[in-house]
Amino acid sequence: MAKNLLIVESPAKAKTIEKFLGKDFKVKSSYGHIRDLEKGNGAIDIANGFVPKYIISPEKKKTVKDLKDAAKSADEIWLATDEDREGEAISWHLCEVLGLDPAHTKRIVFREITKPAIQRAIKEPRTVDLNLVNAQQARRVLDRLVGFELSETLWRKIKGKLSAGRVQSVAVRLVAEREREINAFTAEAFFKIQATFKVKDDSGKIYDLKAELPEKIDTKPAARKWIEACVGAKFKVDNIDVKPATRKPAPPFTTSTLQQEASRKLGFNVKRTMSAAQKLYESGYISYMRTDSTSLSETAQQAILAQISKEFGDKYAQPRQYASKSANAQEAHEAIRPSYPENPTISDGDRDMERLYDLIWKRAVASQMADAKLERTQVSISVSAHPGEFLMAKGEVIKFDGFLKLYIENLDDEPEEEGTAILPPLKEGQPLDLNEMNGTERYSKPPARYTEAGLVKKLEELGIGRPSTYAPTISKIMEEDRGYVIRENRPGVERAYAVITLSGKEVKEVTKTEITGAISNRLVPTDMGLLVTDFLNENFGTVMDYNFTADIEKQFDIIAEGNLVWNKMIADFYGPFHQTVEDTLEAAGRVRGRRDLGIDPDSGQTILTQMTRFGPVVQIGTREEMGEDEKPQFANLRPGQSIETITLEEAKELFKLPKTLSPYKDKEVLIGVGRFGPYVKHGESFISIPKGEDPLEITQERAQEIIDAKIHEDRPVATYKGQPVTKGKGRFGPFIKWEGVFVNIPKKYDPDHLTENEIYELLAAKLEKEANRYIQQWDKEKITIENGRWGPFIRKGKKAINIPKVDGERLSAEVATLLTLEEVKEIIEGTIPDSVKKKMGLA
């Protein structure tokens, strides 16, 4: 039996570390946090200094038992969780649950999972840093208090199941404000003048020289006048300015810059990047991936420089250290880098790991490479028709590639640059022959919508959140049941623009078209996101203030340094915040975001748009305008429409549904929009229109295609016990259906190529599970006792009700079979007062 038990938080990390330690060590995993705050409002004892009440998560009880058993047989226990606040908190919770003294239990930290790093950490253990634990605890407690109280306010003033949070709501605000900037933006037209010259060198070879007027011209008449004046004009090289230039490599990755570059270069979202990075770290390929430092250890730097000299030569190596923007004590103090710089690739990772490792390796190695040496040339071309104005041609030559040999950093929304190619040989005073001149109409551009990585960059710039919180924040605001922010693609719309061309001595004007407004994987706020942001801004301005949120992060940093008592910081915040919640609940009205658009010409009633419990709608008729037996007409918005920007004419269009098409296969065909979205109705069957398709644009032919696809989808794919099995796709993914029983098809199966044996296997497993699901059933009362993940529970209709514990223990299935109907009804009454009596007519 091993004398030492070393506990980490990840099984993959445990597997890698165990390879580096001898037989005296047993490495086990806690599988993340083993304790968390209780659910509900009672998790924090506000009256007694904000003491948190932690419980062992039900799914972690077996893990805790295994760790306790392993701890009993070990002479010494070591804690080796990650080197950030979250990792420190996991170690502290392990001490609390396993009965260890944090002041004497050995705690080791390392920034990479390599044999030297692990062995060095074993030689230099420390104890649990309670300052880091307190900083994590302060964040957890504050976020629970803010989240619960703001969310409860939203449930009462807007809609149930909404959530809010100290960081997530500010992130949504950023997306919402950017969207409103775009909506308020008015594109202004201007003209850019560009010219192409034919230049012949001494050998007679002809080159194209492109140049443009640096100044914009505001109007078409002015642009045409400028170009017309150039008919017959003389052009010559007035000045050639040649300057040396240097380009320096970007620093190695931090968490934020890795997320940004993986988005630009690989198309990864934040969650995908961090998932691959976590696996790379736990497999020993890279250093710790949650960091805001750009520095490299001396050992890592020397290894990278040796690799550069070996692969590219000594002249490409240039040691340098980068100053980190953040000096806080929260994260591991080294950039993300390869553990073994001599390995440009990895051999046993998945495709995402391979691609991300390639990016990390190149960025880290390039950071220690020599500057690129450039020569930039700017040529001024005089125009006889416009004295004092010059066309400019720009060129760039790389004299020494340096780090560019390996890596070029991408930038978000890079400006379009003209004329950075190599210029032909030119001399000052040289006359030039104009080939063609164009005046092209261009439009000013609105701010770009955020990508996920772009939003992370903005949060970092504002000091909101830390490396460990970026990915969870982005994931939270994009959760489907929250519905605050969506990642959207839009095709854009066609826009005309003018081109004025001078060729020879003739000036012509043509109209061309371009696509504008197209977006790909950009973050867009939903109407609910905008509504919630407005409500929180109006009522909780302090919490939504960027500077305030950043200041809270700084206070967490001060706690981590041991210079602030965590619950005092919470107390200073909570008093005023809680009072604001109380005032808002009392004074604020319900919010629907109503916007009156105009009057319906047919009914004379108001056309308005607002948020309802089913989402944003357009409505004809208000309650005040309706007769006793009348109801308003409702229509769902089309994709890309918003209650903030929809016009009266666009709203009227929506009421063209439902529309009737020609019958198909002897059944009526109708296009409509219902509670669950747009549909084709074929006879009595409702068929969902595929996501992204506009119901108003569904033609007869397309409707028939949708109907045929549904008929094909519903055809029997097998027979089970003499009854047909069909296949379909619902909101939760692909499924098979037999005798009213739905079975979700797991990801390990290919739903398009299910074999009969796989269908039988799925059905048999589902039916066996269903057979074991019910412990007792009372069909008449619609009451059941069912087996659940955490033990038996009662179901009344659609409501699940916990069975009270006896002596602190959950009831077993065997004991639950002995409960009578009357006893079950008493339990239901205790949870949902009057629910049983009302149904029985006894209330």
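Residues numbered from 1 in each chain as written. Predicted model: local features only at pLDDT ≥ 70, side-chain atom pairs only at ≥ 80, totals over all residues. Heavy atoms only, no water.

(A) Region of the structure containing unusual backbone geometry. For the peptide bond that leads from Leu657 to Pro658, omega is 0 degrees, which places it in the cis range. Its identity is not glycine, yet Lys161 carries a phi of approximately 70 degrees, on the positive side. Mapped onto the secondary structure, Lys161 falls in the loop between helix H5 (130–157) and helix H6 (168–184). (Helix = DSSP H or I, 4+ residues; strand = E, 2+ residues; numbered from the N terminus.)

(B) Fine view of the nonpolar core. Core analysis: the biggest nonpolar cluster contains 136 residues, and Leu6, Phe110, Ile286 and Leu356 have the highest contact counts within it. Residue contributions to this core peak at 10 residues, all from H5. Discounting chain neighbours no more than four positions away, the residues touching Leu6 are Ile17, Leu21, Phe25, Lys26, Val27, Lys28, Trp78, Ala80, Ile108 and Ile122. Residues Ile193, Ala211, Leu213 and Val237 belong to the second largest nonpolar core, which totals 28 residues. (Core = buried A, V, L, I, M, F, W, Y, C linked by side-chain atoms within 4.5 Å. Buried < 20%, exposed > 50% of the residue type's maximum accessible area, 1.4 Å probe, protein only. Contact = heavy atoms within 4.5 Å.)

(C) Local environment of helix H11 (residues 351–366). Here H11 is 16 residues long and its end C-alpha atoms lie 23 Å apart, about the 22 Å a rise of 1.5 Å per residue gives. All of the buried residues along H11 are Asp352, Met353, Leu356, Tyr357, Leu359, Ile360, Trp361, Arg363, Ala364, Val365 and Ala366. Elements in contact with the buried residues of H11: helix H8 (255–266), helix H9 (270–282) and helix H10 (298–312). The N-capping residue of H11, defined by a side-chain oxygen 3.2 Å from the backbone nitrogen of Asp352, is Asp350. (Expected span 1.5 Å × (residues − 1). Polar contact = N/O pair within 3.5 Å; in protein donor to acceptor, adjacent residues only side chain to side chain.)

(D) Looking closely at the sheet that holds strand S7 (residues 76–79). The parallel open sheet is built from four strands, whose spatial order is S2-S1-S7-S8. Of all the strands in the sheet, the pair left with one neighbour each is strand S2 (25–29) and strand S8 (106–107). In the sheet, strand S1 (residues 4–8) pairs with S7 via four bridges, with the strands oriented parallel. Residue pairing in the sheet places Leu5 in a bridge with Ile77 of S7. Helix H1 (residues 11–18) contacts S1 and S2 of the sheet and is inclined by roughly 165 degrees relative to S2. (Pairing = 2+ DSSP bridges. Axes fitted to C-alpha atoms, helices over the stretch in contact; angles between N-to-C directions.)

(E) How the structure looks around the pattern of salt bridges. This model, assessed by the stated rule, comprises 57 salt bridges. Here Glu83 ties to Arg111 by a salt bridge, and the two come within 3.6 Å at their closest N and O atoms. Here Glu83 is found in the loop between S7 and helix H3 (85–98), whereas its partner Arg111 is found in the loop between S8 and helix H4 (115–123), with 28 residues between them in sequence. One salt bridge in this structure joins Glu644 and Arg180, with 2.2 Å as the shortest N-O distance. (Salt bridge = Lys/Arg side-chain N within 4 Å of Asp/Glu carboxyl O.)

(F) Representation of the environment of Ile240 in the model. Positionally, Ile240 belongs in strand S11 (residues 235–247). Given the relative accessible area of 23%, Ile240 is considered partly exposed. Once the C-alpha coordinates of Ile240 and Glu428 are considered, the two residues, 188 residues apart in sequence, prove to be 6.4 Å apart.

(G) The arrangement of the side chain of Thr606 in detail. Relative to the helices and strands, Thr606 resides in strand S20 (residues 606–612). The exposure class assigned to Thr606 is buried, which follows from its relative accessible area of 10%. A distance of 2.7 Å separates the side chain of Thr606 from the side chain of Glu625, its partner in a polar contact. Those residues in contact with Thr606, other than ones at most four positions away along the chain, are Asp596, Gly598, Ile599, Gln619, Ile620, Gly621, Thr622 and Glu625.

(H) Region of the structure containing the side chain of Thr153. Within the fold, Thr153 resides in helix H5. Within polar-contact distance, the side chain of Thr153 engages the backbone oxygen of Glu149 at 2.8 Å. The residues touching Thr153, leaving out its near neighbours within four places in the chain, are Phe535, Phe540, Val581, Thr584 and Leu585.

(I) Fine view of the sheet that holds strand S23 (residues 659–664). With antiparallel pairing, the four strands of this open sheet are ordered in space as S23-S24-S25-S26. The sheet is open, and its two edges are formed by S23 and strand S26 (685–688), each paired on a single side. Direction aside, the axes of adjacent strands within the sheet are offset by 25 degrees on average. Looking at chain direction, S23 and strand S24 (residues 667–674) are connected through four bridges and run antiparallel. Across the sheet, the residue bridging to Thr660 is Leu670, located in S24. Across the face of the sheet, helix H19 (residues 700–714) comes into contact with S23, S24, strand S25 (677–682) and S26 while running at roughly 60 degrees to S23.

(J) View of the pairing of S24. As consecutive antiparallel partners, S23 and S24 are separated by two residues, and within that stretch Lys665 has a phi angle of approximately 55 degrees, a positive value. Note: S24 against S25, six bridges, orientation antiparallel. By the bridge assignment for S25, Leu670 is matched with Lys681.

(K) Structural detail: the packing of aromatic side chains. Considering all chains together, one arrives at 16 aromatic pairs under this definition. Considering the side-chain rings of Phe548 and Phe573, the 5.8 Å spacing of their centres and the 25 degrees angle between planes classify their relative orientation as stacked. One end of the pair, Phe548, is in helix H16 (residues 546–560); the other, Phe573, is in helix H17 (residues 566–587), with 25 residues separating them in the sequence. Exposure class is identical for Phe548 and Phe573. Each is buried. Among the aromatic residues, those joined into a ring-pair cluster are Phe50, Phe540, Phe548, Phe573, Tyr574 and Phe577. Its guanidinium or amino end placed over the ring of Tyr407, Lys265 lies 4.7 Å from that ring's centre, counting from NZ or CZ. Here the basic side chain of Arg442 rests over the ring of Tyr497, its NZ or CZ set 5.3 Å away from the ring centre. (Phe/Tyr/Trp six-rings, centres within 6.5 Å; stacked < 30°, edge-to-face > 60°. Lys NZ or Arg CZ within 6 Å of the ring centre and 35° of its normal.)

(L) Up close: the confidence of the model for the protein. Across the protein, the average pLDDT comes to 90, with 96% of residues at 70 or higher. When mean pLDDT is taken per element in the protein, helix H7 (residues 220–228) scores highest with 97 and helix H23 (residues 835–840) scores lowest with 49. Low pLDDT, under 50, characterises residues 415–419; the stretch is placed with five contacts to residues that sit more than four places away or in other chains. Every residue in residues 838–843 scores below 50 in pLDDT, and together they form five contacts with partners more than four places removed in sequence or on other chains. (pLDDT = per-residue confidence, 0-100.)

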